[in-house]
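# Chains, contacts and geometry: an overview
Take a look at the letters that make up each chain.
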Amino acid sequence: FLSCLTVLEHVTPDGSDDENNNNTHVSDDDDSDLFSRITTRLVNDVPDALVVGWSMWIPSMGFMFAFVPGKFQVLFSNGVGFVWNAYLSWKTHEGEEAEGDR
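Just so it is clear, the model here is predicted, and its values are computed rather than measured.

Once that is clear, we can look at the nonpolar core. Judged by nonpolar contacts, A49, M56, V80, W84, Y87 and L88 together constitute the single largest core of six residues. Those elements that provide at least two residues to this core are α2 (28–67) and α3 (73–93). Residue contributions to this core peak at four residues, all from α3. Excluding anything up to four places from it in sequence, V80 contacts M56, W57 and S60.

With that out of the way, let us pick up the pattern of salt bridges. Taken as a whole, this structure holds three salt bridges when the rule is applied. Among the ionic pairs, D45 bridges to R41, the shortest N-O distance being 2.9 Å. Here D45 pairs with R41, and both are found in helix α2, just four residues apart, close to one helical turn. R41 shares its class with D45; the two are buried. As a salt-bridge pair, K91 and D48 come within 3.9 Å of each other at their nearest N and O atoms. With K91 in helix α3 and D48 in helix α2, this residue pair connects regions lying 43 residues apart in the sequence. With relative accessibility at 16%, the residue K91 sits in the buried group. Of the residues examined, D48 reaches a relative accessible area of 38% and is grouped as partly exposed.

One turn of an α-helix holds 3.6 residues; hence residues three or four places apart share an orientation. With 21 residues, α3 extends 30 Å from end C-alpha to end C-alpha; this agrees with the ideal 30 Å at 1.5 Å per step. Among the residues trailing α3, G95 stands out with phi positive, at a value near 90 degrees.

Let us look at the side chain of S60. If you trace the backbone, S60 turns up in helix α2. Of the polar contacts made by the side chain of S60, one reaches the backbone oxygen of W57; its length is 3.0 Å. The contact partners of S60, leaving out residues within four places of it in the chain, are F76 and V80.

Our next topic: a nonpolar patch on the surface. A surface patch of nonpolar side chains, amounting to about 360 Å² of accessible area, comprises V51, W54 and I58. With respect to the secondary-structure elements, I58 resides in helix α2. Under the relative-accessibility criterion, I58 is labelled exposed at 58%.

Across the protein chain, the average pLDDT comes to 78, with 67% of residues at 70 or higher. Put simply, helix α1 (residues 2–7) is where the protein chain has its lowest mean pLDDT, 57, and α3 is where it has its highest, 92.

Attention now goes to the packing of aromatic side chains. For the coordinates displayed, the defined rule picks out four aromatic pairs. Taking 5.7 Å as the distance between ring centres and 40 degrees as the angle between the ring planes, the aromatic pair formed by F63 and F76 counts as tilted. With a gap of 13 residues between them, F63 in helix α2 and F76 in helix α3 connect regions that are remote in the sequence. Using a relative accessible area of 43% as the deciding quantity, one classes F63 as partly exposed.

Reading guide: rules and limits
Residues numbered from 1 in each chain as written. Predicted model: local features only at pLDDT ≥ 70, side-chain atom pairs only at ≥ 80, totals over all residues. Heavy atoms only, no water. Core = buried A, V, L, I, M, F, W, Y, C linked by side-chain atoms within 4.5 Å. Buried < 20%, exposed > 50% of the residue type's maximum accessible area, 1.4 Å probe, protein only. Helix = DSSP H or I, 4+ residues; strand = E, 2+ residues; numbered from the N terminus. Contact = heavy atoms within 4.5 Å. Salt bridge = Lys/Arg side-chain N within 4 Å of Asp/Glu carboxyl O. Expected span 1.5 Å × (residues − 1). Polar contact = N/O pair within 3.5 Å; in protein donor to acceptor, adjacent residues only side chain to side chain. Patch = residues over 30% accessible without salt bridge, like charges linked within 9 Å, V, L, I, M, F, W, Y side chains within 5 Å. Areas by Shrake-Rupley, 256 points an atom, 1.4 Å probe, with all protein chains shown as cover. pLDDT = per-residue confidence, 0-100. Phe/Tyr/Trp six-rings, centres within 6.5 Å; stacked < 30°, edge-to-face > 60°.

Given below as structure tokens:
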């Protein structure tokens, strides 16, 4: 679920990354364009994020419960979570540098 939200983080009605968007008028064309961009982003990016998440979290949790002492399990899990958030951030912002060069 959080993978889906992260993938959709930068989708706004006017296509900008501005969080303080003061555009209150949204037409039906803008709604359909927003819907198509959301659908495209979900279809293209969410499956990859889910597969990477499963291939990262399931083995790491198996390793943790099998080999990491109980008092260090939270620390280990937080380390894996840090790496996972770094991946999601990279995936979300992938390609923005090329768009900014235009």
